[in-house]
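# Chains, contacts and geometry: an overview
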Amino acid sequence: MSKQRGTFISLEGGEGAGKSTLLAGLRDYIAAQGVDLVLTREPGGTALGEAVRAIVLDPARHGMAAETELLLMFASRAQLVRELIEPALTAGQWVLCDRFTDASFAYQGGGRGQPVERIAELERWATDGLSPDMTLLLDLPVATGRARAAGRGEADRIEVEADVFFERVREAYRARAAAEPKRFQIIDASLTPVEVLHAAIAAIAPLFEVKA
Ligand SMILES: Nc1ncnc2c1ncn2[C@@H]1O[C@H](COP(=O)(O)OP(=O)(O)OP(=O)(O)O)[C@@H](O)[C@H]1O
Ligand SMILES: [Mg+2]
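Residues numbered from 1 in each chain as written. Chains lettered and ligands numbered in written order. Predicted model: local features only at pLDDT ≥ 70, side-chain atom pairs only at ≥ 80, totals over all residues. Heavy atoms only, no water.

Scanning the protein from N- to C-terminus turns up 8 helices and 5 strands. In the protein, the succession of α and β elements from N to C terminus is β-α-β-α-α-β-α-α-β-α-α-β-α. A globule of 212 residues ought to have a C-alpha radius of gyration of about 17 Å, and the protein, at 16 Å, matches this closely. Burial status across the protein gives 50% buried among its 212 residues. Residue pairs at least 24 apart in sequence account for 80% of intrachain contacts in the protein once pairs closer than 6 positions are excluded. Carbon and sulfur atoms provide 56% of the accessible area of the protein, an area that totals close to 10100 Å². (Helix = DSSP H or I, 4+ residues; strand = E, 2+ residues; numbered from the N terminus. Rg over C-alpha atoms; globule rule 2.2 N^0.38 Å. Buried < 20%, exposed > 50% of the residue type's maximum accessible area, 1.4 Å probe, protein only. Contact = heavy atoms within 4.5 Å. Areas by Shrake-Rupley, 256 points an atom, 1.4 Å probe, with all protein chains shown as cover.)

Structure follows, in structure tokens:
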């Protein structure tokens, strides 16, 4: 008998929104439910993807074309889907991913102005149209997120962008959430870490019922 397919959850949001913090809390909660869980991140998550991440986020790589950045994000993603996410879901594991394709629509689309239809085409081709079962969007004013992220040492190649860039990123995320209200759950990321975790746990509760 084939195993029931696993559940795919992605975490999205701007810089310093609290994705990595929430990932750790959700990992413990989901694992405590007896679910076999795989954690990963984008760009990265595979040996090849982490090598791509080092290139695409390297602040010393000035002058990277927006098209190059978009293709590198999808190069990492194509590998992650084939090497890790699809095999895990097929094996019945759950996958919790720190960013996924919505981030390309937000950053390379909203932020860099790459055409949405091009990104959608890449999504169909490079990821076989794989979409998360649920996406938790941590929404936060840009200034708050940047202040949080500031304490972390050297900014990466994307973090050095101006506030207007991150305002476009935030708007693109919110527009995607509005367009797909069943998949997206928007979480107020200005709450405390514990409150954010509790909101996320409430949001994913239906996923356990479906699988039960
Ligand atoms: N709800 C919260 N309230 C206040 N501070 C928070 C909250 N969540 C996380 N932080 C702090 O803000 C900083 C950024 O959090 P975190 O690294 O989780 O964000 P992120 O979304 O993963 O950022 P990035 O996009 O840069 O990876 C950390 O110092 C973290 O401790
Ligand atoms: Mg993070």
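From this point, things continue past the structure.
With respect to the helices, strands and loops of the structure, L89 is situated in helix α3 (residues 66–90). Judged by relative accessible area, L89 falls into the buried class, the value being 1%. Residues L89 and M134 lie 45 residues apart in sequence; the distance between their C-alpha atoms is 14 Å. Dropping the residues within four chain positions of it, L89 is found in contact with Q4, R5, G6, T7, F8, V95 and L130.

Around ligand 1 sit 16 residues, and of these K19, S20, T21, R152 and L191 come closest. Contacts to ligand 1 include R148, whose side-chain N or O atom sits 3.1 Å from a nitrogen atom. Look at ligand 1: alone it shows 630 Å² of surface, and the protein chains cover 72% of it. At 3 residues, helix α1 (residues 19–32) tops the list of elements feeding residues into the shell around ligand 1. Split into classes, the residues belonging to the shell around ligand 1 amount to 4 nonpolar, 6 polar and 6 charged. (Near = heavy atom within 4 Å. Polar contact = N/O pair within 3.5 Å; in protein donor to acceptor, adjacent residues only side chain to side chain. Nonpolar A, V, L, I, M, F, W, Y, C, P; charged D, E, K, R; others polar.)

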